[in-house]
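Each chain, letter by letter, is given below.
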Amino acid sequence: MNTIIYISGLQTVPEDVYEAGGLDGATGWKQFKMLTFPLIIPFFSINMVLSVKNFLMVFDQIMALTKGGPAQSTESISYLIYNNGMSGGQFGFQSANAVVFFIVIVAISVAQMKFSSSKEEQL
């Protein structure tokens, strides 16, 4: 998924930009740093927000592979909410934890979007 987002971002960069950069002497790393990356920052921003969200909400891999692992070493927050709510008998408490977890994810996403939009405006 991440690669598809980056490829679609790279396809939006017009060839004229690279030709103009080549005339100005931009090659290799300088071309990426000064031309390509500023044009794909919106795609980079979305990709970072989605990656952090997926990192925080990992559930299916843990459930399928380890079920929390030996001594809860691979337990995530979402798996903990599920496990304690469904089999631990703490449905109400874990529902409140899920709401707080949702608010934390939204706050992190908003902070990332504000930070990346300020970077977009600087370039």
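Residues numbered from 1 in each chain as written. Predicted model: local features only at pLDDT ≥ 70, side-chain atom pairs only at ≥ 80, totals over all residues. Heavy atoms only, no water.

## So, the packing of helix α1 (residues 2–11) against helix α3 (residues 28–56)
- The contact between α1 and α3 brings their axes to 9 Å, and the two run at 160 degrees. Between α1 and α3, the interaxial angle falls into the category roughly antiparallel. Where α1 crosses over α3, the two elements pack in a sense that is right-handed. Two secondary-structure elements touch here, α1 through Asn 2, Ile 5, Tyr 6, Ser 8, Gly 9 and Leu 10 and α3 through Thr 36, Ile 40, Phe 43, Phe 44, Asn 47, Leu 50 and Ser 51.
- Taken together, the residues of the contact of α1 with α3 sort by class into 7 nonpolar, 6 polar and no charged. (Axes fitted to C-alpha atoms, helices over the stretch in contact; angles between N-to-C directions. Helix = DSSP H or I, 4+ residues; strand = E, 2+ residues; numbered from the N terminus. Parallel < 35°, antiparallel > 145°, perpendicular 65-115°, else oblique. Left-handed = near helix turned anticlockwise from the far one by under 90°. Contact = heavy atoms within 4.5 Å. Nonpolar A, V, L, I, M, F, W, Y, C, P; charged D, E, K, R; others polar.)

## Points about the environment of Ala 64
- Examined against the element boundaries, Ala 64 turns out to sit in helix α4 (residues 60–65).
- Taking the C-alpha atoms as reference points, Ala 64 and Gly 92, 28 residues apart in sequence, are found 25 Å from one another.

## Regarding the packing of aromatic side chains
- Evaluated as defined, the whole model comprises 7 aromatic pairs.
- Relative to Tyr 82, the ring of Phe 59 has its centre 5.2 Å away and its plane inclined at 80 degrees; by these criteria the two rings are edge-to-face. Separated by 23 residues along the polypeptide, Phe 59 in the loop between α3 and α4 and Tyr 82 in helix α5 (residues 77–86) bring together distant segments of the chain.
- For Tyr 82, a relative accessible area of 34% puts it in the partly exposed group. (Phe/Tyr/Trp six-rings, centres within 6.5 Å; stacked < 30°, edge-to-face > 60°. Buried < 20%, exposed > 50% of the residue type's maximum accessible area, 1.4 Å probe, protein only.)

## Observations concerning the confidence of the model for the chain
- On average, residues of the chain score 86 in pLDDT, and 96% of them reach the 70 mark or higher.
- Ranking the helices and strands of the chain by mean pLDDT puts α1 first, with 92, and helix α6 (residues 91–122) last, with 84. (pLDDT = per-residue confidence, 0-100.)

## Let's talk about a nonpolar patch on the surface
- Taken together, the side chains of Val 99, Phe 102, Ile 103, Val 106 and Val 110 define a hydrophobic patch exposed on the protein surface, amounting to about 450 Å² of accessible area.
- For Val 99, the position within the fold is in helix α6. (Patch = residues over 30% accessible without salt bridge, like charges linked within 9 Å, V, L, I, M, F, W, Y side chains within 5 Å. Areas by Shrake-Rupley, 256 points an atom, 1.4 Å probe, with all protein chains shown as cover. Salt bridge = Lys/Arg side-chain N within 4 Å of Asp/Glu carboxyl O.)

## Overview of the packing of helix α2 (residues 15–23) against α3
- Two elements in contact, α2 and α3, have axes whose closest approach is 11 Å; the angle formed by their N-to-C orientations is 160 degrees. Accordingly, the angle class assigned to the pair α2 and α3 is roughly antiparallel. In terms of crossing hand, the pair formed by α2 and α3 is right-handed. Judged by residue contacts, Val 17, Tyr 18 and Gly 21 of α2 engage Gln 31, Leu 35, Thr 36 and Leu 39 from α3.
- Considering only residue class, the contact of α2 with α3 consists of 4 nonpolar, 3 polar and no charged.

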